[in-house]
Amino acid sequence: MRLILLLTTCLCLSASLAAADSIVLDFNDDSFQLGYAHGLGRDEYGATSINARFLYNDEEETSLGSLGLDFIGEPGNIPGLELGVGGKLYGGNTNDSIDFLNLGVGARAAYAPPRLGGIGVDGRFVYAPEILSFLDSDRLMESEVRLTYAAVPRVKVYVGYQNVRLKPDSGSTRAIDESVRIGFIGYF
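Counting restarts for each chain: residues are numbered from 1 in the order of the written sequence. Reporting of local features is limited, given that this is a predicted model, to residues whose pLDDT is at least 70; pairs of side-chain atoms are given and counted only at 80 or more, and all residues count toward the totals for whole chains, interfaces and linings. The side-chain values count all of the structure's non-hydrogen atoms but skip hydrogen atoms and water molecules.

Topic: unusual backbone geometry
- A positive phi is found at glutamate 61, a non-glycine position, where the angle reads about 50°.
- Helix and strand definitions follow DSSP, with helices as H or I runs of at least four residues and strands as E runs of at least two, each counted in order from the N terminus. Counting through the fold element by element, glutamate 61 comes out in the loop between strand S3 (46-57) and strand S4 (62-73).
- A positive phi angle, near 60°, is found at leucine 135, a position not held by glycine.
- Looking at where leucine 135 falls in the secondary structure, it is placed in strand S8 (residues 133-135).

A closer look at the side chain of arginine 53
- Tracing the backbone shows arginine 53 in strand S3.
- Exposure categories follow from relative accessible area, calculated using a 1.4 Å probe and restricted to protein chains: below 20% of the type maximum is buried, above 50% is exposed, and the middle band is partly exposed. Take arginine 53: its relative accessible area is 11%, and that puts it in the buried class.
- Counted as a polar contact is a pair of N or O atoms within 3.5 Å, where, for protein atoms, one must be capable of donating a hydrogen and the other of accepting one, and residues adjacent in sequence contribute only when both atoms are in side chains. Engagement of the side chain of arginine 53 in a polar contact is seen with the side chain of glutamine 33, the distance being 2.9 Å.
- Only 2.8 Å separates the side chain of arginine 53 from the side chain of glutamate 142, close enough to count as a polar contact.

Some thoughts on the pattern of salt bridges
- What makes a salt bridge here is a side-chain nitrogen of Lys or Arg within 4 Å of a carboxyl oxygen of Asp or Glu, nothing more. This structure, assessed with the given rule, holds 10 salt bridges.
- Residue aspartate 96 is joined to arginine 174 by a salt bridge in which the shortest nitrogen-to-oxygen separation is 2.9 Å. Taken together, the positions of aspartate 96 in the loop between strand S5 (81-93) and strand S6 (99-111) and arginine 174 in strand S11 (residues 174-187) put the pair 78 residues apart, joining distant regions of the chain.
- What makes aspartate 96 partly exposed here is its relative accessible area of 43%.
- Note on arginine 174: relative accessible area 17%, which makes it buried.
- Several salt bridges share partner residues, and in doing so they unite Arg53, Arg124, Glu142, Glu144 and Arg146 into one network.

Here we look at the packing of aromatic side chains
- Put simply, two rings from Phe, Tyr or Trp (the six-membered ring, in Trp's case) pair if the centres are within 6.5 Å, and we call them stacked under 30 degrees between planes, edge-to-face over 60, tilted for the rest. Applying the stated criterion to the full structure yields 1 aromatic pair.
- Summarising the aromatic geometry, the rings of phenylalanine 32 and phenylalanine 54 are spaced 6.0 Å apart at their centres and angled 55° between planes, so their arrangement reads as tilted. Taken together, the positions of phenylalanine 32 in strand S2 (residues 31-43) and phenylalanine 54 in strand S3 put the pair 22 residues apart, joining distant regions of the chain. The pair phenylalanine 32 / phenylalanine 54 is uniform in exposure class, with both members buried.
- Only when the NZ atom of a Lys or the CZ atom of an Arg is both within 6 Å of the ring centre and within 35 degrees of the ring normal do we say a charge sits over the ring. Directly above the aromatic system of tyrosine 158 lies the positively charged group of arginine 146, at a separation of 4.1 Å from the ring centroid.

Without other data, these values stay purely geometric and don't point to any function.
Structure (structure tokens):
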């Protein structure tokens, strides 16, 4: 299993270095997450990007992959504020053979006022309702909040809390990942 994770990590890194605008790596004692995003376009109204990630949680023995499309803009005259909406396709499995495929919609916000010298906060929420949940799942919810610091212009470090919950067809809601993690975002 660890060999598969290492190969997946190397593949994601090589793909992201060739075409991505940013790469994300975060972890804690029980899980790690690797992602990348590629900008599709930017104009005076905002930006559009695609993103992918892989999450593995050893404690819960779960793995999750996601592909997303985000639309992000800077509303009004509030320097450092970004708001966005988008969609995300999730797929994965759990230790007790629950396979899931979910299509979620969500929102995100980031605020890093220039006067704070690189300190910011960002968060997101994605919900996949029952009608957009397939295989062994009824719904999926993901939420995350991060405290960020732009250490250098191309790197942000952060500490964050992430909660990904799955409601299987039978049984109660279970955690795919619920943890505090540290990480960084590198921009290309």
